[in-house]
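# Breakdown of the fold
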Amino acid sequence: MWMWVNGELRDAADARVSVLDHGLTVGDGIFETVRTTGGRPFALTRHLDRLTRSARGLGLPDPDLDEVRRACAAVIEANPMELGRLRITYTGGLSPLGSDRGDDGPSLVVALGEATRRPDTTAVITVPWTRNERGALAGLKTTSYAENVVALARAHAQGASEALFANTVGQLCEGTGSNVFVVLDGQLHTPPVASGCLAGITRALAVEWSGALETELHMDVLEHAEEIFLTSTLRDVQAVHRVDGRELPGGPGPVTAKAMRVFEERAGNDLDP
């Protein structure tokens, strides 16, 4: 495997950043995950726009998007695969120990790993921890992911692939790496970004292409929603068949099935929507 590390392609065995990189010592960094199919990235422009928004939210310099595009192209070309997970990581760079940043500038790492197609349906759980919709990192895609690691481990221990969070006022927010949609009286809804959820790329496209409403939803909506689905870069649109102990009837419901079909068709016709 070949990776891009601070300006050049390197073999994975020689792909290194300093142990004093701020992304490692204090989690001072941001990232994007981009799906690649047949060597072509999907929605790369939207991902790079969000990378810039996240950088500004952390006070990092704007990434050089031309360099990021070159890095992505080089890594994709060097690692041919049918379905891939392209990871762009941008950190505070070499810094002294502690929260202050150094003067050496950011680090950029781009890597590509093989991915597998997700099942059409999945199980999820809810967790007792909350997202802080008023926190400094709310809505930013940062490398500070430890709480997601903990929640996802609990989900896996309970036979689920995702864990769903409420925010601090008890509203449905998001998953560890996904956005959530629910169907109520035949209408599709998803929590607004103000809930503290990440402004997911797939979420935005699903809202645009399905006519979903952005609605403040209490967590108990999961107990009576007619259908539930998740969206993310590698899930696209994925139906939920179980939430905690509640089994939802059948496979993907009609609204979810339509959203899945429309997303697949629209994404297939435009790789950079």
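Quick look at the structure, then.

## Re the overall build of the protein chain
Helices and strands together make up the secondary structure of the protein chain, namely six helices and 15 strands. Taking 273 residues into account, the globule formula puts the C-alpha radius of gyration at 19 Å, and the protein chain, at 19 Å, falls close to it. Its C-alpha atoms give the protein chain principal-axis dimensions of roughly 55 × 40 × 30 Å. The buried share among the 273 residues of the protein chain stands at 48%. A separation of at least 24 residues holds for 69% of the contacts in the protein chain among residues at least 6 apart in sequence. When the accessible area of the protein chain is evaluated, it comes to approximately 12700 Å², of which 51% is carbon and sulfur surface.

## Concerning the nonpolar core
Of all hydrophobic cores here, the largest spans 23 residues; its most connected members are W4, V68, C72, L86, I88, L108 and V110. Sorting the residues of this core by element identifies strand 3 (29-37), helix 2 (44-58), helix 3 (65-78), strand 5 (83-91) and strand 6 (107-114) as the ones contributing at least two each. With six residues, helix 3 is the largest single contributor of residues to this core. Residues contacting V68, with those up to four places away along its chain left out, are L48, L51, P63, I88 and L108. Of all hydrophobic cores here, the second largest spans 18 residues; its members include V183, A206, F229 and M260.

## Brief notes about the pattern of salt bridges
Side-chain pairing between opposite charges can occur once the charged atoms of the two side chains come close. Scanning the entire structure with this criterion turns up 14 salt bridges. The residue R10 makes a salt bridge to E8 at a minimum N-O spacing of 2.8 Å. R10 gets classed as partly exposed once you look at its relative accessible area, which sits at 25%. Between E247 and R242 there is a salt bridge, with the nearest N and O atoms lying 3.8 Å from each other. Owing to a relative accessible area of 18%, R242 belongs among the buried residues under this scheme. The network of salt bridges with shared partners includes E8, R10, D14 and R16.

## Here we look at the packing of aromatic side chains
The full count for this structure, using the stated rule, is four aromatic pairs. Relative to Y145, the ring of F31 lies with its centre 5.2 Å away and its plane at 80 degrees, an arrangement referred to as edge-to-face. Residue F31 is found in strand 3, and its partner Y145 is found in the loop between strand 7 (121-131) and helix 4 (146-157); the two are separated by 114 residues along the sequence. F31 gets classed as buried once you look at its relative accessible area, which sits at 4%. With 5.3 Å between their ring centres and 55 degrees between their planes, W209 and F263 make a pair best called tilted. Placement of the pair is W209 in helix 5 (residues 201-210) and F263 in helix 6 (residues 254-269), with a sequence separation of 54 residues. Accessibility expressed as a relative area gives 13% for W209, which makes it buried. When its relative accessible area of 4% is taken as the criterion, F263 is described as buried. Put simply, the rings of F42, W209 and F263 pair up and form one aromatic cluster. Positioned over the ring face of F42 is R35, at 4.8 Å from the centre of the ring. When the ring centre of F165 is taken as origin, the NZ or CZ atom of R131, which lies over that ring, is 4.0 Å away.

## Quick look at the packing of helix 5 against helix 6
A pair of packed helices is characterised by two quantities: the angle between their axes and the separation of those axes. It is the contact of helix 5 with helix 6, at a shortest axis distance of 10 Å, that shows an interaxial angle of 105 degrees. In terms of orientation, helix 5 and helix 6 fall into the roughly perpendicular class. Taking contact as the criterion, the partners of T202, L205 and W209 in helix 5 are, on helix 6, V262, F263, R266 and A267. In the contact of helix 5 with helix 6, the residues fall into five nonpolar, one polar and one charged.

## Observations concerning the packing of helix 2 against helix 3
Direction vectors running N to C along helix 2 and helix 3 enclose 135 degrees, while the axes themselves pass 11 Å from each other. Regarding the angle of helix 2 to helix 3, the classification is oblique. As helix 2 runs across helix 3, the sense of the crossing is right-handed. Mapping the contact onto sequence places L44, T45, L48, L51 and T52 in helix 2 and L65, V68, R69 and C72 in helix 3. Class assignment for the residues of the contact of helix 2 with helix 3 results in six nonpolar, two polar and one charged.

## Considerations on the pairing of strand 9 (residues 172-175)
As defined by bridge partners, strand 8 (residues 162-167) adjoins strand 9 across three bridges and the pair is classed as antiparallel. Following the sheet pairing, F165 is matched in strand 9 by E174. The turn joining strand 8 and strand 9, which pair antiparallel and follow one another in sequence, is formed by four residues; a positive phi near 85 degrees is taken by G170.

Cut-offs and rules
- Residues numbered from 1 in each chain as written.
- Predicted model: local features only at pLDDT ≥ 70, side-chain atom pairs only at ≥ 80, totals over all residues.
- Heavy atoms only, no water.
- Helix = DSSP H or I, 4+ residues; strand = E, 2+ residues; numbered from the N terminus.
- Rg over C-alpha atoms; globule rule 2.2 N^0.38 Å.
- Buried < 20%, exposed > 50% of the residue type's maximum accessible area, 1.4 Å probe, protein only.
- Contact = heavy atoms within 4.5 Å.
- Areas by Shrake-Rupley, 256 points an atom, 1.4 Å probe, with all protein chains shown as cover.
- Core = buried A, V, L, I, M, F, W, Y, C linked by side-chain atoms within 4.5 Å.
- Salt bridge = Lys/Arg side-chain N within 4 Å of Asp/Glu carboxyl O.
- Phe/Tyr/Trp six-rings, centres within 6.5 Å; stacked < 30°, edge-to-face > 60°.
- Lys NZ or Arg CZ within 6 Å of the ring centre and 35° of its normal.
- Axes fitted to C-alpha atoms, helices over the stretch in contact; angles between N-to-C directions.
- Parallel < 35°, antiparallel > 145°, perpendicular 65-115°, else oblique.
- Nonpolar A, V, L, I, M, F, W, Y, C, P; charged D, E, K, R; others polar.
- Left-handed = near helix turned anticlockwise from the far one by under 90°.
- Pairing = 2+ DSSP bridges.

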